[in-house]
Amino acid sequence: MANYLTFRWILLGIGLTSIVSLTGMNVYSLYSLHVSTVSNSIENQKNQLSEVSEQVRSRFRTPVKNIWKLNMEHIQFSVENDEDTPDEFLEMLGIAAVDPIFTEIYFSGPDCNACDGDGRLQRFNPVTNQLEWVNEYPDIASDGLYMARIRMLALIDNYRWKTRVLFDTHRSMTIALINPGDHTIVGYLNFVIKTDFLINNYLGPLLSNAFADEKSGINVWLYDWTKDEVLYATDLTQEYERSNVDIIQQFPDLLDDWNLKASVNHNPALASSRSSFYTSLSVMGATVLFLIGAMVFMFITAQRERNLAISQAGFLANVTHELKTPLSVMQAAGENLADGRVNNKKRLISYGEHIFSEAVRLRQMIDKMLDVAKADAGKLVQNAEPLHLNKTLQSYLDSHASYLEQKGFTLQFVPGESDPVIFADEDNLKTILTNLIENAVKYSSDEKLLKISVNQNDINHIRIDIEDKGAGIPRKDQKRIFEKFYRVEDTLTAKTKGHGLGLSIVRNLTILNGGKITLKSTHCKGSTFSLHFPVHIKHEISTKNDKRDRTAAEYITK
Ligand code: ADP
C-alpha cells in the first residue's frame with residue numbers, strides 16, 4: 001500500500017515537473033520569437049541610425065577630401081629639407097581651415113613629439129595661408145598627435161595608402177600622411193574639433209531632421225557614456241532612461257566616447273508582437289494553472305476516495321467485531337443453558353441476566369449503527385420545524401433531571417436571553433443532547449457537574465454549550481473523536497462501555513440540521529461541546545448580552 005502511495009506521489013511529481021518544463025520551454029521559444037520579431041521590426045530604424053553615423057564620418061572627411069591627391073614625396077622633401085611647403089598642400093589646408101567644425105590645424109614632422117614639447121610643431125594661419133612654427137603645444141593637439149604616432153608605428157609596415165585618419169574621441173582628428181613608396185611617414189596633420197559646433201550646429205540638426213518627426217517612430221539621444229550625460233535629444237519631452245533604450249548605435253573609429261541611443265515609440269509590428277507575446281503568455285499561464293489545478297484536484301479526489309474505501313473497510317471490520325462480542329457471550333450462555341447442565345438457580349439467573357444485558361447492548365448498538373447509517377445517508381431529518389430553544393431544552397431536561405440526579409450530577413440550565421428559535425428536527429436535537437449528556441455522565445468521575453447554556457452573541461447565530469467537569473479529551477484526540485469508532489485510549493474510556501459512534505451521530509445530525517459542532521476541552525479538567533445553529537426568527541438582542549449576569553437555574557431534586 002505504501003508503494004502504491006509513493007507511486008502516486010511520484011506520478012504527480014512527474015506530471016507537475018513535465019507541465020512546468022514544457023511551459024518553461026514554450027515561454028522561452030515565445031520569448032525568442034518575440035525578440036527576433038522585435039529586432040527585425042526595428043531593423044529599419046537601426047539602419048537609419050547607422051546611416052547617421054556614416055554621415056558624420058564623411059562630414060569630417062569633406063574639408064580634406066582632396067588630401068589623397070597630394071604628392072607625398074614633395075611634402076616629405078620639404079619637411080626633411082626645411083624647404084617651402086608645397087602650394088597644393090597649403091591650398092588644401094586653407095579649405096579645411098574655413099570649415100567651422102575645426103578650430104585649429106597643426107602640422108608636425110614624422111618624429112615630432114609634441115607631447116613632450118620638444119618637437120617642432122607648426123600651426124596653419126588662415127590669414128597668411130602659411131604654416132607657422134609655434135612654441136606652445138596645446139593639450140588637445142599634443143594628445144591627438146601622440147596617439148596617432150603610437151598607432152601608426154604599429155601600422156606603418158603593412159600600410160599601403162597615402163593617408164590614415166585617426167580620431168582622439170571628439171577632441172581632434174589626426175591625418176597621418178604616408179609615402180606609400182617606401183612606407184615612411186611624411187608628417188601628421190591635426191585638426192582640433194569644435195565640439196559645440198559639432199553638437200549644436202551639425203549633429204543636433206542632423207538628428208532632428210531625421211528623427212524629430214513623429215513618423216520616424218523613435219526618440220534619439222546623443223549620449224556621452226564616459227560622463228553619463230545626454231548631449232542632445234530629438235524630443236525634449238521624453239526623459240532619458242536606460243530601460244527605455246531599444247537601439248544603441250556607435251560611431252565606429254570616431255567619437256569613441258559618444259553613441260546614439262534610441263527608444264522606439266511606435267512601431268505597428270513591434271506593438272502587435274508585444275501584444276501577441278503577452279496574450280500568448282496569459283493564455284499559457286491560464287492553461288497551465290488549469291492543468292495543474294485539474295491534476296491536483298484529481299489527485300486529491302483519488303486520495304479521498306481511497307481514504308473513504310479504507311475507512312469503509314475499517315468500519316465493516318469494526319462493526320463485525322463489535323457485533324461478535326455480545327453474540328459470543330450470548331452464545332456461550334445459551335449453550336450452557338441448552339445443555340441443561342446449569343441447575344443452580346443463582347447461576348441460571350446470572351446466565352439469564354448476561355443474555356439480557358448483552359441483548360440490550362446489542363440492540364443499542366444496532367440502533368446506533370442504524371442512526372449512523374441514516375445520518376450518513378441524510379435521512380434523519382424528518383420534521384424540521386421552528387423550535388423555541390428555551391422551552392424545548394427545559395422540557396427535555398425536566399424529563400432527564402431525575403436520571404442525572406441518580407447519577408449524582410448537579411445540572412445547571414442557563415436559558416437564552418430572548419426567546420431563541422432555530423429550525424431543526426426536535427427528535428434529532430434530543431438524540432444529540434442524549435448522546436452528549438450520556439458522554440458527560442460516562443466520562444465524569446470526581447466533579448459531577450453538567451451545565452447547559454444557550455448563548456446568542458449576534459443576531460444570526462445561536463450556541464448551545466454542554467459543559468462538564470469530567471475527564472476532558474487530550475488535544476491530540478480532539479480532531480478525531482467525531483470519527484466513527486474512534487475512542488480515546490485511556491483507562492477511563494477503556495473501563496467505560498461504548499462503541500465510539502455517539503459523537504459521529506451527533507456531528508452528522510448537527511450538520512443535517514444546518515448547524516455545526518465545536519469542542520473545547522482540557523485533559524483532566526472537562527469538556528464543552530458547543531452546538532451552533534442559525535437563528536430562525538430574529539429578535540433584537542441586547543448588546544450587553546454577555547455582560548449581563550445570567551444566573552443558572554439549578555436543578556435541585558429532592
Ligand atoms: P463512546 O461510545 O466511546 O462514548 P463517542 O463517539 O460518544 O463514543 O465518544 C468518542 C470518544 O470521545 C469516547 O470514547 C471518549 O473517549 C471521548 N469523549 C466523548 N465525550 C467525552 C466527554 N464528555 N468527556 C471526555 N471524553 C469524552
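Our subject is the structure that appears above.
Residues numbered from 1 in each chain as written. Predicted model: local features only at pLDDT ≥ 70, side-chain atom pairs only at ≥ 80, totals over all residues. Heavy atoms only, no water.

**Student:** Now, about the pairing of strand β14 (residues 449–458): what can you tell me, with residues and values included?
**Tutor:** Counting buried positions along β14 yields 7 of 10 residues, so the element is predominantly enclosed. Relative to β14, strand β12 (residues 410–414) is paired through 5 bridges, and the arrangement is parallel. Residue Leu 411 lies in a different strand from β14, and its bridge partner there is Leu 450. Sheet analysis places β14 next to strand β15 (residues 461–468), joined by 7 bridges and oriented antiparallel. Of the residues in β15, the one forming a bridge with Ile 452 is Ile 466. Counting the residues between successive antiparallel strands, the hairpin from β14 to β15 contains 2 residues. (Buried < 20%, exposed > 50% of the residue type's maximum accessible area, 1.4 Å probe, protein only. Helix = DSSP H or I, 4+ residues; strand = E, 2+ residues; numbered from the N terminus. Pairing = 2+ DSSP bridges.)

**Student:** Describe the environment of Ser 39, with residues and values.
**Tutor:** Assignment of secondary structure puts Ser 39 in helix α1 (residues 2–41). The class for Ser 39 is partly exposed, based on a relative accessible area of 27%. Put simply, Ser 39 and Asp 246 are 207 residues apart on the chain and 9.2 Å apart in space, counted from C-alpha to C-alpha.

**Student:** Please give an account of the packing of aromatic side chains that cites residues and values.
**Tutor:** Overall, the coordinates contain 10 aromatic pairs when judged by the stated rule. Geometrically, the ring pair formed by Phe 89 and Phe 107 is edge-to-face, given 5.4 Å between the ring centres and 75° between the ring planes. One end of the pair, Phe 89, is in helix α4 (residues 87–97); the other, Phe 107, is in strand β1 (residues 102–108), and 18 residues separate them in sequence. Owing to a relative accessible area of 1%, Phe 89 belongs among the buried residues under this scheme. (Phe/Tyr/Trp six-rings, centres within 6.5 Å; stacked < 30°, edge-to-face > 60°.)

**Student:** Summarise the packing of helix α8 (residues 345–377) against helix α13 (residues 502–512); cite the residues concerned and give the values.
**Tutor:** At a minimum axis separation of 9 Å, α8 and α13 run at an interaxial angle of 35°. Here α8 and α13 pass one another in a crossing that is left-handed. Contacts from Lys 368, Asp 371, Val 372, Ala 375 and Asp 376 in α8 reach Gly 502, Ser 504, Ile 505, Asn 508, Leu 509 and Leu 512 in α13. Grouping the constituent residues of the contact of α8 with α13 by class yields 5 nonpolar, 3 polar and 3 charged. (Axes fitted to C-alpha atoms, helices over the stretch in contact; angles between N-to-C directions. Left-handed = near helix turned anticlockwise from the far one by under 90°. Contact = heavy atoms within 4.5 Å. Nonpolar A, V, L, I, M, F, W, Y, C, P; charged D, E, K, R; others polar.)

**Student:** Could you give an account of the site of the ligand, naming the residues involved and the relevant values?
**Tutor:** The environment of the ligand is made up of 20 residues, and the closest members are Asn 439, Tyr 443, Asp 468, Arg 487 and Leu 503. Take Tyr 443: an N or O atom from its side chain is 2.8 Å from an oxygen atom of the ligand. A distance of 2.5 Å separates an oxygen atom of the ligand from a polar atom in the side chain of Arg 487. The fraction of the free accessible surface of the ligand (530 Å²) that becomes covered by protein chains is 98%. Ranked by residues supplied to the shell around the ligand, first place goes to helix α10 (residues 426–442) with 3 residues. (Near = heavy atom within 4 Å. Polar contact = N/O pair within 3.5 Å; in protein donor to acceptor, adjacent residues only side chain to side chain. Areas by Shrake-Rupley, 256 points an atom, 1.4 Å probe, with all protein chains shown as cover.)

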